[in-house]
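Working through the structure, step by step
Given next are the chains, with one letter for each unit.
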Amino acid sequence: MSNTEQGKKLAAQAAIEYVPAGSIVGVGTGSTVNYFIDELAKIKNRIEGAVSSSEASTQRLKDHGIEVFDLNSVDSVPVYIDGADESNENLQLIKGGGGALTREKIIAQMAKKFVCIADETKLVDVLGAFPLPVEVIPMARSMIARELVKRGGQPVYRDGFVTDNGNQILDVHNLRIMEPAKLETELNDLPGVVTVGIFALRPADVLILGTADGDIRKIDG
Ligand SMILES: O=C[C@H](O)[C@H](O)[C@H](O)COP(=O)(O)O
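Just so we're clear, the structure is a prediction, and the values are computed from it rather than from any experiment.

Structural notes on the UniProt feature "active site" (unreviewed entry) in the protein
Mapped onto this structure's residue numbering, the UniProt feature "active site" (unreviewed entry) falls at Glu104. Summarising the element assignment, Glu104 is placed in helix 4 (residues 101-110). Relative accessible area serves as the criterion here: at 2%, Glu104 is assigned to the buried category. Not counting residues within four places of it along the chain, the set of residues in contact with Glu104 comprises Gly28, Thr29, Ser53, Tyr80, Asp82, Lys95, Gly96 and Phe199.

So this is what it looks like as structure tokens:
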């Protein structure tokens with residue numbers, strides 16, 4: 001197993017301690033979360049079930065025999081565990097590399113505690129080296145792409161990819177995001193933008209990083 005994969009797995013294992021007994025756990029999406037789902041399966045008798053941020057995670061949870069609840073049937077989510085494409089020291093994130101950003105942001109908003117899990121290479125000084133995913137309503141794609149260019153970005157259409165919500169993704173290259181909350185708000189305001197992959201208005205509460213030397217590092221927000 002590579003250092004990166006080991007880091008993801010370590011972070012995923014460490015996140016289990018944040019899962020309250022008897023709870024409905026918010027579950028994110030991606031390769032790091034897949035390790036978490038596999039760990040969660042080991043304690044599935046101690047939880048009530050999960051709410052899920054993607055069809056892929058729902059399938060994996062169900063394959064493990066973990067009940068997946070409709071978010072509308074749930075009053076509260078005590079903890080949400082999810083990965084990230086980048087995090088800064090303030091636990092503001094870029095997410096959506098796997099295209100699940102909208103459902104992820106909805107569950108993160110609802111969660112009392114958002115625990116982000118990643119390998120240590122995801123920690124950066126300034127967000128934006130990872131192309132920023134923006135989910136858009138298909139008919140607005142070109143208009144929004146022009147707006148992103150005006151803001152110094154280089155949007156690339158994720159050709160052939162359709163989100164779980166039936167929308168499209170623009171991956172915005174060339175950004176150095178100095179004020180994540182401001183850019184998140186500004187892009188949220190463009191008609192046709194469904195979700196911006198900046199998680200700054202609702203950052204993570206805890207970041208668990210798995211390191212190459214087999215350790216974990218925690219940063220509290
Ligand atoms: O849409 C995908 C999510 O935001 C993922 O949490 C993010 O892309 C990180 O994925 P991974 O754990 O595979 O690096």
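Some details on the domain arrangement of the protein
Taken as a whole, the protein is organised into domain 1 (3-124 + 201-220) and domain 2 (132-197). Computed from C-alpha atoms alone, the centre-to-centre distance between domain 1 and domain 2 is 24 Å. Across the contact, 16 residues belong to domain 1 and 19 residues belong to domain 2. At the boundary of domain 1 with domain 2, total buried surface from both sides reaches about 1,300 Å², with 51% on carbon and sulfur atoms.

Digging into the site of the ligand
Taken together, 16 residues surround the ligand, and among them Ser31, Thr32, Asp85, Glu104 and Lys122 come closest. Gly98 has a polar backbone atom sitting 3.0 Å from an oxygen atom of the ligand. At 2.9 Å from an oxygen atom of the ligand is found a main-chain nitrogen or oxygen belonging to Ala100. At a threshold of 2 Å from the grid points, most atoms of the ligand map onto the second largest pocket. Its residues assigned to classes, the shell around the ligand shows two nonpolar, nine polar and five charged.

Re the packing of aromatic side chains
Using the criterion set out here, one finds one aromatic pair in the structure. An angle of 45° between the planes, with centres 5.2 Å apart, marks the rings of Tyr80 and Phe114 as tilted. Of this pair, Tyr80 sits in strand 3 (residues 77-82) while Phe114 sits in strand 6 (residues 111-119), and the two are 34 residues apart along the sequence. On the accessibility criterion, Tyr80 (0% relative accessible area) is buried. One cation-aromatic arrangement involves Lys95 over Phe199; the distance from NZ or CZ to the ring centre is 5.6 Å. Against the face of Phe161 rests Arg158, its NZ or CZ located 5.1 Å from the ring centre.

Some points on the sheet that holds strand 3
Taken together, six strands build an open sheet; the order of strands is 2-1-3-6-12-13 and the sheet is mixed. One side of each edge strand has no neighbouring strand; the edge strands of this open sheet are strand 2 (49-52) and strand 13 (216-220). Shown here is a sheet whose adjacent strand axes are inclined to one another by a mean of 25°, direction ignored. Inspection of the sheet shows strand 6 paired to strand 12 (residues 206-210) by five bridges, in the parallel sense. Following the sheet pairing, Cys116 is matched in strand 12 by Leu207.

Quick word on the environment of His64
Tracing the chain through its elements places His64 in the loop between helix 3 (55-63) and strand 3. Judged by relative accessible area, which is 27%, His64 ranks as partly exposed. Taking C-alpha positions, His64 is 34 Å from Val124, a pair spaced 60 residues apart along the chain. Here His64 is in contact with Ile37, Asp38, Ala41 and Lys44, once residues within four sequence places are set aside.

Observations concerning helix 3
The complete set of buried residues in helix 3 reads Ser57, Thr58 and Leu61. Each buried residue of helix 3 sits inside an arc of 105° when the element is viewed along its axis, so together they form one side. Opposite the buried face of helix 3, by more than 90 degrees, sit the exposed residues Ala56 and Asp63. Here the buried face of helix 3 lies against strand 1 (24-27), helix 2 (31-42) and strand 2.

The rules behind these values
- Residues numbered from 1 in each chain as written.
- Predicted model: local features only at pLDDT ≥ 70, side-chain atom pairs only at ≥ 80, totals over all residues.
- Heavy atoms only, no water.
- UniProt positions renumbered as here; feature names shortened; annotations may be inferred.
- Helix = DSSP H or I, 4+ residues; strand = E, 2+ residues; numbered from the N terminus.
- Buried < 20%, exposed > 50% of the residue type's maximum accessible area, 1.4 Å probe, protein only.
- Contact = heavy atoms within 4.5 Å.
- Domains from an automatic or database assignment.
- Buried area = accessible area lost by both parts, 1.4 Å probe.
- Near = heavy atom within 4 Å.
- Polar contact = N/O pair within 3.5 Å; in protein donor to acceptor, adjacent residues only side chain to side chain.
- 1 Å grid on protein atoms, 1.4 Å probe; cavity = no way out; pocket = protein on both sides within 12 Å on 5 of 7 lines; lining within 4 Å.
- Sits in = over half its atoms within 2 Å of the grid points.
- Nonpolar A, V, L, I, M, F, W, Y, C, P; charged D, E, K, R; others polar.
- Phe/Tyr/Trp six-rings, centres within 6.5 Å; stacked < 30°, edge-to-face > 60°.
- Lys NZ or Arg CZ within 6 Å of the ring centre and 35° of its normal.
- Pairing = 2+ DSSP bridges.
- Axes fitted to C-alpha atoms, helices over the stretch in contact; angles between N-to-C directions.
- Arc of directions from axis to C-beta.

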